[in-house]
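# Overview (structure and organization)
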Amino acid sequence: MTVLDPPVTTQRLLSPGPFGPLPTLSLDQLVRLAEETGLTGRGGAGFPSAIKLRSVAEAGRAPAVVGNGMEGEPLSHKDAVLLTQAPGLVLDGLELVSRALRAKRTLLAVGPEIDPRPAQAAARSRGVDVQHLSGGFVAGQETALLNQLEGRPPVPRDPLTRVTTRGLDGRPTLVSNVETLAHLALAARFGAGWFRSVGLADDPGTSLFTITGAVDHEGVVEAARGTTIADLIAAARPHPGVQAVLVGGYHGAWVLASDFGTRLTRADLAPHGASVGAGIVHVLSGDACPLRAAADMASYLAGESAAQCGPCLNGLPRMADSLQRLAHGARDARLPAEIDRLRGLVVGRGACAHPDGTARLVGSTMRVFDAHVAAHLAGWCPTELSGGPR
Ligand code: SF4
């Protein structure tokens, strides 16, 4: 995937380097650095890195440290770009954390779609085990990842047992997205002030964003936190007349073109039901039916569950099927209420966030494109009338 020119001068992780020697930090120094930078996880959940580090350190046993480069989301390519273009920074981050925590094991998990060779070459002299793993959408979920590393099927575990106290081989385990580790590696060299000199006071630094869909150049761009949707997608040259973006990937939510001035921050995206997540922005063409697009995503997600919990086994296929029917012309006025009912049945009922994320996408589709839903129920599709496919 192409690396796009950033909207402003914000290339850090994707700058050519060299970055200079990696300092060694004590645990206290590393936790303080994570606190002062305000760094949050870049894998999707956005959890504060300092809190995670402290939890593992306080668990009382020599921990394991796992870099998560699984990237199971089909619309995300930023981990692949990072592990290809700057694998040394990811390994630096792993080394930094592993030394500070006096880790017993240090691993880097690389997803099936990513070429592991640059990371393997960078890891050769550092004692880091790089594992090229298999798996689909949920295989990158942290407990599913640990299962696979232990030779078990890549399905999520009991959510009540925190991996920070009992993770890989029963050890306290820090699982960190590869981008988060790379940010730590740079902050250790240049300091918290440098890290915070870009982005917002309450959401500092940069992130890698993957831009796909109705653009001239799909690709990955590094941009300051707080960049607006309009400025971000300009880097990929959106097609004229785009109608919305899906922020956060298949578990994300839609933002209409009239709101492209929205900044990509937790606070600004919250009214849209979206979050920055793993930095995925998918652009919807003006002539694409949003119901069909979302129904296909929901069907994909229904097929990607680990099929071990009721909401995924029963609820997601039925929800996806109802949305497909609505998208493909079934004039059944009961469908919106049925979709709403199924959403209510799956949320908060799975062993992982997969049902919730799928329900978020479907709910956002029904809410943001309510006029489109009404048109379908009346027997026509606005995108078909505008010349696009129904
Ligand atoms: S909620 Fe779904 S994806 Fe998550 S563990 Fe249960 S069956 Fe698997």
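Nothing here was measured: the structure is a model prediction, and the numbers come from that model.

### Looking at the sheet that holds strand β8 (residues 206-213)
- Pairing is mixed across the open sheet formed by 6 strands, whose spatial order is β1-β9-β8-β12-β10-β11. The open sheet is flanked by β1 (2-3) and β11 (253-256), the only strands paired with a single partner.
- When strand β10 (residues 244-247) meets strand β12 (residues 280-284), the two strands line up antiparallel, connected through 4 bridges. Residue pairing across strands places valine 247 opposite valine 281, the latter belonging to β12.
- Running over the sheet, helix α7 (residues 178-190) touches β8 and β9 (219-224) and is turned about 145° from β8.
- Helix α11 (residues 290-303) contacts β10, β11 and β12 of the sheet and is inclined by roughly 140° relative to β12.

### Description of the sheet that holds strand β5 (residues 173-177)
- Strand order in the open sheet formed by 4 strands is β4-β3-β2-β5, with parallel pairing between adjacent strands. This sheet does not close on itself; its edge strands, each paired only once, are β4 (129-132) and β5. Here the average twist between neighbouring strands, direction ignored, is 20°.
- In the sheet, strand β2 (residues 64-69) pairs with β5 via 5 bridges, with the strands oriented parallel. Looking at β5, one finds that valine 65 is bridged to leucine 174.
- In the packing of helix α3 (residues 78-85) onto the sheet, the strands contacted are β2, β3 (105-110) and β5, and the crossing angle to β2 comes to about 110°.

### Structural notes on α7
- An ideal rise of 1.5 Å per residue puts 18 Å on 13 residues; α7 measures up with 19 Å between its terminal C-alpha atoms.
- Here α7 has its buried residues at Val178, Glu179, Thr180, Leu181, Ala182, His183, Leu184, Ala185, Leu186, Ala187, Ala188 and Arg189.
- Its side-chain oxygen at 2.9 Å from the backbone nitrogen of glutamate 179, asparagine 177 defines the N-terminal cap of α7.
- A positive backbone phi angle near 95° is found at glycine 191, which sits one or two residues after α7.

### Focus on the site of the ligand
- Within the structure, the ligand sits among 13 residues, and Ala306, Gln308, Cys309, Cys312 and Cys352 are positioned closest to it.
- Of the residues that constitute the shell around the ligand, the class distribution is 9 nonpolar, 4 polar and no charged.

### A word on the packing of aromatic side chains
- This model, assessed by the stated rule, comprises 4 aromatic pairs.
- Ring centres of phenylalanine 137 and tyrosine 300 lie 6.2 Å apart, and the angle between their planes is 80°; on these two criteria the pair is classed as edge-to-face. Here phenylalanine 137 is found in the loop between β4 and α6 (142-149), whereas its partner tyrosine 300 is found in helix α11, with 163 residues between them in sequence.
- Aromatic pair tryptophan 254 and phenylalanine 369: ring centres 5.5 Å apart, planes at 75°, arrangement edge-to-face. Linking tryptophan 254 in strand β11 with phenylalanine 369 in the loop between α14 (354-368) and α15 (370-377), this pair joins segments that are 115 residues apart in sequence. Accessibility assignment for this pair places tryptophan 254 and phenylalanine 369 in one class, buried.
- Joined through ring pairs, the aromatic side chains of Phe137, Tyr250 and Tyr300 make up one cluster.
- The cationic tip of arginine 12 hangs over the ring face of tryptophan 194; the distance from NZ or CZ to the ring centre is 3.8 Å.

Thresholds applied
Residues numbered from 1 in each chain as written. Predicted model: local features only at pLDDT ≥ 70, side-chain atom pairs only at ≥ 80, totals over all residues. Heavy atoms only, no water. Pairing = 2+ DSSP bridges. Helix = DSSP H or I, 4+ residues; strand = E, 2+ residues; numbered from the N terminus. Contact = heavy atoms within 4.5 Å. Axes fitted to C-alpha atoms, helices over the stretch in contact; angles between N-to-C directions. Expected span 1.5 Å × (residues − 1). Buried < 20%, exposed > 50% of the residue type's maximum accessible area, 1.4 Å probe, protein only. Polar contact = N/O pair within 3.5 Å; in protein donor to acceptor, adjacent residues only side chain to side chain. Near = heavy atom within 4 Å. Nonpolar A, V, L, I, M, F, W, Y, C, P; charged D, E, K, R; others polar. Phe/Tyr/Trp six-rings, centres within 6.5 Å; stacked < 30°, edge-to-face > 60°. Lys NZ or Arg CZ within 6 Å of the ring centre and 35° of its normal.

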